[in-house]
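# Structural characterization, general
Here is how the chains run, residue by residue.
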Amino acid sequence: MLTVITGGSKCGKSSIAEDILSDFHGKKIYIATMEPYCEEAHIAIERHRRMRLGKGFETVEKYTDIHETDLPERCGVLLECACNLMANEMFSAGEKEPVRKIINGIEKLSERASEVIIVTNSVGEDGIVYPSETMDYIKNMGILNCALSQRADRVIEAVYGIPVMLKGSLWQCL
């Protein structure tokens, strides 16, 4: 089962993702993709660690190359988040085909896991023209989010902490 959760910044995506896996019977893997590159990143990472505390997640820090993640069979996976992963692949690793690489990585995760939840962000909705590197990132995120949503069994938009089903049904999540 592949679920994509999207929405704006600080809108409850992570809480919804964690709630979906709260009753999962089996090993739960949290793939953390945020590189701790500045104070703001460290604060966000610590906030997410506190959110997961006591929920049974094993955290795997994987900033690039998610296809290399060794997963136990039939586990539940929460990948947080596709936007950080894209930025890492594009700007840290210099990947020339980051969308293809990330999709292939998620397909590999899905082969082993029985539940995969991808948290992503709505980017590019502000209509502002940014420097070319940023525009390339926004374009790649749009392509990735479309491709993931087409493959997904469920697509949820987080709106002020409320899960709005865009594809699939909420009862599948509970």
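Description of the structure in this document.

Procedures and definitions
- As a convention, each chain's residues are numbered from 1 in the sequence order in which they are written.
- Only residues with pLDDT of at least 70 are given local features in this predicted model, and only at 80 or more are side-chain atom pairs given and counted; all residues enter the totals for whole chains, interfaces and linings.
- Water and hydrogen atoms play no part in the side-chain values, which are based on all heavy atoms of the structure.
- Working convention: axes come from line fits to C-alpha atoms, limited for helices to the stretch in contact. Angles between N-to-C directions cover 0 to 180 degrees.
- The numbering of helices and of strands both runs from the N terminus, where a helix is a DSSP run of H or I of at least 4 residues and a strand a run of E of at least 2.
- To sort the angles, those under 35 degrees are grouped as roughly parallel, those over 145 as roughly antiparallel, those from 65 to 115 as roughly perpendicular, and the leftovers as oblique.
- The crossing is said to be left-handed when, going from far helix to near helix, the turn is anticlockwise and less than a right angle, and right-handed when the turn is clockwise.
- Any two residues whose heavy atoms approach within 4.5 Å at even a single point are treated as in contact.
- When residues are grouped by polarity, Ala, Val, Leu, Ile, Met, Phe, Trp, Tyr, Cys and Pro land in nonpolar, Asp, Glu, Lys and Arg in charged, and all others, Gly among them, in polar.
- Between 30 and 60 degrees the pair is tilted, below 30 it is stacked and above 60 it is edge-to-face, where a pair is any two Phe, Tyr or Trp rings, Trp via its six-membered ring, whose centres lie within 6.5 Å.
- The rule is simple: take the accessible area with a 1.4 Å probe, protein chains only, and divide by the maximum for that residue type; under 20% is buried, over 50% is exposed, in between is partly exposed.
- Placement of a charge over a ring requires the Lys NZ or Arg CZ to be within 6 Å of the ring centre, with the centre-to-atom vector within 35 degrees of the ring normal.
- The definition of a nonpolar core used throughout is a set of buried Ala, Val, Leu, Ile, Met, Phe, Trp, Tyr and Cys residues joined through side-chain atoms within 4.5 Å.
- In this scheme, strands are said to pair when DSSP sees at least two bridges between them.

## A few points about the packing of helix α1 (residues 13–20) against helix α2 (residues 39–52)
Between α1 and α2, the least distance of the axes is 11 Å, while the angle of their chain directions is 30 degrees. One way to sum up the angle between α1 and α2 is to call them roughly parallel. Here the hand of the crossing between α1 and α2 comes out right-handed. Counting all contacts with α1, which are made through Ser 14, Ser 15 and Glu 18, the residues of α2 involved are His 48, Met 51 and Arg 52. The residue makeup of the contact of α1 with α2, split by class, is one nonpolar, three polar and two charged.

## Concerning the packing of aromatic side chains
Enumeration according to the criterion identifies two aromatic pairs in this entry. Aromatic pair Tyr 30 and Phe 57: ring centres 6.1 Å apart, planes at 80 degrees, arrangement edge-to-face. On the criterion of sequence distance, the pair formed by Tyr 30 in strand β2 (residues 28–32) and Phe 57 in strand β3 (residues 57–61) is long-range, its members being 27 residues apart. Between Phe 91 and Tyr 137 the ring centres are 6.3 Å apart and the planes differ by 40 degrees, which places this aromatic pair in the tilted class. Here Phe 91 is found in helix α3 (residues 82–92), whereas its partner Tyr 137 is found in helix α5 (residues 132–151), with 46 residues between them in sequence. For Phe 91, a relative accessible area of 43% translates into the label partly exposed. The residue whose ring lies beneath Lys 28 is Phe 57, and the NZ or CZ to ring-centre distance is 5.1 Å.

## Regarding the nonpolar core
If you look at the biggest cluster of nonpolar residues, it comprises 46 residues, and the most contacted ones within it are Val 77, Met 86, Ile 118 and Leu 144. For this core, the leading source of residues is α5, giving six residues. Not counting the four nearest positions on each side in its chain, Leu 144 is found in contact with Ala 82, Met 86, Val 99, Ile 102 and Ile 103.

## Considerations on the side chain of Thr 3
Relative to the helices and strands, Thr 3 is located in strand β1 (residues 2–7). Residue class for Thr 3 comes out buried when judged on its relative accessible area of 0%. Those residues in contact with Thr 3, other than ones at most four positions away along the chain, are Ile 20, Glu 115, Val 116, Ile 117, Ile 118, Arg 154 and Ile 156.

## Examining the sheet that holds strand β6 (residues 154–159)
Taking strand neighbours across the sheet as the criterion, the seven strands line up as β3-β2-β4-β5-β1-β6-β7 in an open arrangement whose pairing is mixed. At either margin of the open sheet sits one strand with a lone partner, and together these are β3 and β7 (162–167). With strand direction ignored, the average angle separating the axes of adjacent strands in the sheet is 20 degrees. Those strands touched by helix α4 (residues 98–112) are β1, β2, β4 (76–80) and β5 (115–119), and its axis lies near 150 degrees from that of β5.

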